Amino acid sequence: MSILVTGARGSVARGLVSLLAARGVPHRLASREPDTPETIRCDLGDPATFPGALAGARSVFLYAEASAIDAFVKEAVAAGVEHVVLLSSSSVLAPGAADSPLAAAHLAVEEALLSSPLRTTLLRPGSFASNALGWARSLKSGRPVHLPHPGSHCDPVHEADLAEAAFAVLTDPALAGRAYHLTGPQSLTFATQLAILGRVLGTPAPFEAVTAEQWKAEVDGYIPGPYADALLDYWAAGDGIPAGITDAVEHLTGHPARSFEAWAHDHAEAFRD
């Protein structure tokens, strides 16, 4: 009755694997690019890798890759998989999600799973606290972080809480088969997150407000234009408007969601030379 953990190199998957191993729960790791002998190859965009990865699995922790989801569902059913836990996104809850680059893939995978015979649990996190790692390069070089909407709110959630939530729904049948909107404990602006980082690091973490056009020019080449536009729209919509906070993390894990300050302490070295 093994659990297949896809995306084994991702931070949530790594945390989940540690929890499964510590409690002796049978599991297998899978990745598009295996980097350890015990990790098997499962490229969620390549159906040829599905049969070997799914053989013997009864539950799957799945990342949202839409390109071959129909083939994945078909193979999972054939392999006898009973339960899939999807790491989705709260972006699917927004109006027009099907047309948004931020949400479309997650929504397509959700719909494919929900229309299948597989018991499906949806984990819908809001903003990952680890998005702040994108500021590390600027801060380590002494440059201010460029923000088009420094007053935009988000609900940063610690990846450790997501791993614990995934562990809970994979190991407690009473929690399975539902959708959970997972957030951190506070709605924080980007400016406030940087202030918290500065306090934790003991050094200023400055920012500079820039125009949307300036920011798009800076990220051109590694954030596709439509995705950059969708991010800008999302941030603009949250500018000055607190994000909704849920207690889903506490419901699943038994403890309050970790704060952004706790996340900053856990990742402080990433922001230091």
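Because the structure is predicted, anything quoted here is derived from the model rather than measured.

Observations regarding the overall build of the protein
Thinking step 1. From N to C terminus, the protein includes 11 helices and 11 strands.
Thinking step 2. The C-alpha radius of gyration computed for the protein amounts to 19 Å, which stays within 12% of the reference 19 Å derived for 273 residues, consistent with globular compactness.
Thinking step 3. For the protein, the residues scored as buried account for 49% of the 273 residues in total.
Thinking step 4. Across the protein, the fraction of contacts at a sequence separation of at least 24, relative to all contacts at a separation of at least 6, is 73%.
Thinking step 5. Between the centroid of the 18 positive side chains of the protein and the centroid of its 30 negative side chains there is a distance of 6 Å.

A closer look at the environment of Arg272
Thinking step 1. Along the polypeptide, Arg272 turns up in the segment after helix 11 (260–266).
Thinking step 2. Accessibility expressed as a relative area gives 33% for Arg272, which makes it partly exposed.
Thinking step 3. Taking the C-alpha atoms as reference points, Arg272 and Ala30, 242 residues apart in sequence, are found 32 Å from one another.
Thinking step 4. Contacts of Arg272, omitting those with residues within four sequence positions, involve Lys140, Val200 and Leu201.

Description of the packing of aromatic side chains
Thinking step 1. Taken as a whole, this structure holds 7 aromatic pairs when the rule is applied.
Thinking step 2. Centre to centre, the rings of Phe50 and Phe72 are 5.2 Å apart; their planes meet at 80°, and the pair counts as edge-to-face. In this pair, Phe50 sits in helix 2 (residues 50–54) while Phe72 sits in helix 3 (residues 69–79), placing the two residues 22 residues apart along the sequence. Side by side, Phe50 and Phe72 carry an identical accessibility label, which is buried.
Thinking step 3. Judged by centre distance (5.5 Å) and plane angle (85°), the ring pair of Phe61 and Tyr63 falls under edge-to-face.
Thinking step 4. Given a relative accessible area of 0%, Phe61 falls into the buried group.
Thinking step 5. Each residue in the set Trp135, Phe190, Trp215 and Trp235 is aromatic and connected to the rest through ring pairs, giving one cluster.

Structural notes on the sheet that holds strand 6 (residues 119–125)
Thinking step 1. Within the open sheet, the 7 strands sit side by side as 3-2-1-4-5-6-9. Their pairing is parallel. Two strands in the sheet have a free side with no partner beyond their single neighbour: strand 3 (39–41) and strand 9 (179–182). With direction set aside, neighbouring strand axes in the sheet form an average angle of 20°.
Thinking step 2. Alignment of strand 1 (residues 2–5) against strand 4 (residues 57–63), held across 4 bridges, turns out to be parallel. Across the sheet, residue Leu4 finds its bridge partner in strand 4, namely Val60.
Thinking step 3. Running at roughly 170° to strand 5 (residues 83–87), helix 4 (residues 104–114) makes contact with strand 4, strand 5 and strand 6 of the sheet.

Side note on the layout of surface pockets
Picture a little ball the size of a water molecule; that probe, rolled over the atoms, points out where space is still empty.
Thinking step 1. Taken as a whole, the second largest pocket spans an internal volume of roughly 160 Å³.
Thinking step 2. Every residue lining the second largest pocket is counted, 13 residues in all, and those nearest its centre are Ser59, Glu82, His83, Leu170 and Pro173.
Thinking step 3. For the lining of the second largest pocket, the secondary-structure elements that each account for two or more residues are strand 4 and helix 6 (159–171).
Thinking step 4. At 3 residues, the largest contribution of residues to the lining of the second largest pocket is made by helix 6.
Thinking step 5. Partitioning the lining of the second largest pocket into residue classes produces 6 nonpolar, 3 polar and 4 charged.

As for the side chain of His153
Thinking step 1. Among the structural elements, His153 can be located in strand 8 (residues 153–154).
Thinking step 2. Overall, the relative accessible area of 17% leaves His153 in the buried class.
Thinking step 3. Among the polar contacts made by the side chain of His153, one reaches the side chain of Ser187 at a distance of 2.8 Å.

A look at the pattern of salt bridges
Thinking step 1. Enumeration according to the criterion identifies 9 salt bridges in this entry.
Thinking step 2. In this structure, Glu33 engages Arg9 in a salt bridge whose closest nitrogen and oxygen atoms are separated by 3.0 Å. Of this pair, Glu33 sits in the loop between strand 2 (27–31) and strand 3 while Arg9 sits in the loop between strand 1 and helix 1 (11–22), and the two are 24 residues apart along the sequence.
Thinking step 3. A relative accessible area of 46% means that Glu33 is categorised as partly exposed.
Thinking step 4. On the basis of relative accessible area, Arg9 is assigned to the partly exposed category, the value being 44%.

Re helix 9 (residues 225–237)
Thinking step 1. The end-to-end C-alpha separation of helix 9 is 18 Å, in line with the 18 Å expected for 13 residues at 1.5 Å each.
Thinking step 2. Of the surrounding secondary structure, the elements contacted by the buried residues of helix 9 are helix 7 (190–201) and helix 8 (212–219).

Criteria and thresholds
- Residues numbered from 1 in each chain as written.
- Predicted model: local features only at pLDDT ≥ 70, side-chain atom pairs only at ≥ 80, totals over all residues.
- Heavy atoms only, no water.
- Helix = DSSP H or I, 4+ residues; strand = E, 2+ residues; numbered from the N terminus.
- Rg over C-alpha atoms; globule rule 2.2 N^0.38 Å.
- Buried < 20%, exposed > 50% of the residue type's maximum accessible area, 1.4 Å probe, protein only.
- Contact = heavy atoms within 4.5 Å.
- Lys, Arg positive; Asp, Glu negative; His and termini not counted.
- Charge placed at Lys NZ, Arg CZ, Asp CG, Glu CD.
- Phe/Tyr/Trp six-rings, centres within 6.5 Å; stacked < 30°, edge-to-face > 60°.
- Pairing = 2+ DSSP bridges.
- Axes fitted to C-alpha atoms, helices over the stretch in contact; angles between N-to-C directions.
- 1 Å grid on protein atoms, 1.4 Å probe; cavity = no way out; pocket = protein on both sides within 12 Å on 5 of 7 lines; lining within 4 Å.
- Points joined across faces, edges and corners; volume = space filled by probe spheres on them.
- Nonpolar A, V, L, I, M, F, W, Y, C, P; charged D, E, K, R; others polar.
- Polar contact = N/O pair within 3.5 Å; in protein donor to acceptor, adjacent residues only side chain to side chain.
- Salt bridge = Lys/Arg side-chain N within 4 Å of Asp/Glu carboxyl O.
- Expected span 1.5 Å × (residues − 1).

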